Amino acid sequence: MSTADAASLKRRYDEVSPKYEQAPNQTAIKLFWLAYEHLTWKPVEALLPKDGTSWRVLDAGGGGGKFGTRFAEAGHHVTVLDISPGMLDGARAQFTAKGLLDRVAFVEGNVAALDLPDAAFDLVFCEGDPVSYCMDAYPQAVKELVRVAKPGAPVVLGVDNRYEAFSYYVKQGKHAEAFKLLQDGKTTCPYGLPVHAFTVRELEQAVEDAGADLLEIFGKPVMFFDMLNAMAASRGATPAQPWDAWSAREEILAQQEKLAHEGFAVLGQHFQVMARRRA
């Protein structure tokens, strides 16, 4: 990530940090993010020790503290790293509110150039867009995130999906932009910042080159709004008698969990990469 790109990213997230992660009102959107968080966390939670051992966890790009506080609540010590001081302030407020300040350290930094020692963490978690923000420097970011993981430690990455971004442009009638994206992977995030949207092969190669073994790449959520519409129709929903999707949220989460791990990765809004640094 160039100095100019990093400065733009830092400035934009400082701007949005006061309103970051505020819950939307629409039921379908609330369900989408509920599914997203469920699909993100469940396979990570399964990796955590069950014997009370406390791990050192790096939450890279973790400003806001949504997942960092979950690690701390499970008894682990978390380093929350973010490029934005404003986002770190938000994370600090979350840890403070939950009484978890004794289990966290806050570091301002760039995932493509981590000022952290080698093999320092039992688990490295980088959710959302931090690696995608690195644009053409994403291979270096993946190498850095693997470098700071202990040999054999899990490395979990969340990144943008090129097919999803391509489909969005097509639905908007922006076919020329869609074709360009298909070739170079360059698009923008909801905050208007440039991101790299990945293919599965790019992720496989980046993980391999970084010295990690790939465990799985899955999509999250998968075909979500189409699935909701299909479920509603299967229950005979009509405009006059709509389906109460919120009351079926546990069923929706179960369906999404099943779909996410059945080979529909490219139909996910994001990719989640599950890997381990080679021993």
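Residues numbered from 1 in each chain as written. Predicted model: local features only at pLDDT ≥ 70, side-chain atom pairs only at ≥ 80, totals over all residues. Heavy atoms only, no water.

Draft legend 1. Geometry of the pattern of salt bridges. According to the stated counting rule, one finds 17 salt bridges in the structure shown. A salt bridge links D122 to K150, with the nearest nitrogen and oxygen atoms 2.9 Å apart. Linking D122 in the loop between β3 (104-108) and β4 (123-126) with K150 in the loop between α6 (138-147) and β5 (154-161), this pair joins segments that are 28 residues apart in sequence. With its nearest N and O atoms 2.9 Å apart, the salt bridge here joins E208 to R278. Taken as a pair, E208 in helix α9 (residues 200-210) and R278 in the segment after β9 (268-277) lie far apart in primary sequence, 70 residues in all. We classify E208 as partly exposed; its relative accessible area is 45%. Linked by salt bridges that have partners in common, E37, K66 and R70 make up one network. (Salt bridge = Lys/Arg side-chain N within 4 Å of Asp/Glu carboxyl O. Helix = DSSP H or I, 4+ residues; strand = E, 2+ residues; numbered from the N terminus. Buried < 20%, exposed > 50% of the residue type's maximum accessible area, 1.4 Å probe, protein only.)

Draft legend 2. Looking closely at the packing of aromatic side chains. Per the stated rule, a full pass over the model turns up 12 aromatic pairs. Between W41 and F67, the ring centres sit 6.4 Å apart and the planes meet at 25 degrees, which makes this aromatic pair stacked. Of this pair, W41 sits in helix α2 (residues 27-45) while F67 sits in the loop between β1 (56-60) and α3 (68-73), and the two are 26 residues apart along the sequence. Of the two residues examined, W41 and F67, each falls in the buried class. (Phe/Tyr/Trp six-rings, centres within 6.5 Å; stacked < 30°, edge-to-face > 60°.)

Draft legend 3. Spotlight on helix α4 (residues 85-97). In a regular helix each residue adds 1.5 Å, so 13 residues correspond to 18 Å; α4 covers 18 Å between its end C-alpha atoms and thus fits that length. One side-chain oxygen at the N-terminal end of α4 lies 3.3 Å from the backbone nitrogen of G86; it belongs to S84. (Expected span 1.5 Å × (residues − 1). Polar contact = N/O pair within 3.5 Å; in protein donor to acceptor, adjacent residues only side chain to side chain.)

Draft legend 4. Focus on the nonpolar core. One finds L58, V124, V131 and L145 to be the most contacted residues of the largest nonpolar core, which totals 35 residues. Listed by contribution, the elements that provide at least two residues to this core are β1, β4, α6, β5, α9, β8 (212-222) and β9. With residues up to four places along the chain from it excluded, the contact list for L145 reads L58, A60, L114, V124, C126, V131, V155 and L157. Residues A35, F71, A72 and L100 belong to the second largest nonpolar core, which totals 34 residues. (Core = buried A, V, L, I, M, F, W, Y, C linked by side-chain atoms within 4.5 Å. Contact = heavy atoms within 4.5 Å.)

Draft legend 5. Seen up close, α2. Look at α2: 26 Å from first C-alpha to last across 19 residues, which is about the 27 Å you get at 1.5 Å a residue. Of the residues making up α2, those classed as buried are L31, F32, A35, Y36, E37, L39, T40, W41, P43 and V44.

Draft legend 6. View of unusual backbone geometry. Positive phi, close to 55 degrees, is recorded for M135, a residue that is not glycine. Tracing the backbone through its elements, the reader meets M135 in the loop between α5 (130-133) and α6. The phi angle at M223 is positive, at roughly 50 degrees, despite the residue not being glycine.

Draft legend 7. Fine view of the packing of helix α10 (residues 224-234) against helix α11 (residues 249-260). In contact at an axis separation of 12 Å, α10 and α11 are set at 130 degrees when each is read in the N-to-C sense. As the angle between them shows, α10 and α11 are arranged oblique. Judged by the sense of rotation from one axis to the other, the crossing of α10 with α11 is right-handed. On the side of α10, the interface is formed by F224, M227, L228 and M231, while α11 contributes E251, I252, Q255, Q256 and L259. (Axes fitted to C-alpha atoms, helices over the stretch in contact; angles between N-to-C directions. Parallel < 35°, antiparallel > 145°, perpendicular 65-115°, else oblique. Left-handed = near helix turned anticlockwise from the far one by under 90°.)

Draft legend 8. Representation of the packing of α2 against α11. Relative orientation of the contacting elements α2 and α11 amounts to 50 degrees, with a least axis distance of 10 Å. Between α2 and α11, the angle is such that the two are oblique. Pair α2 / α11 crosses with right-handed handedness. Where α2 abuts α11, its residues L31, L34, A35, H38, L39 and K42 lie against R249, I252, L253, Q256, E257 and A260. Looking at the contact of α2 with α11 residue by residue, the class counts come to seven nonpolar, two polar and three charged. (Nonpolar A, V, L, I, M, F, W, Y, C, P; charged D, E, K, R; others polar.)

Note that every value here comes from positions in space, so none of it alone points to a role or purpose.
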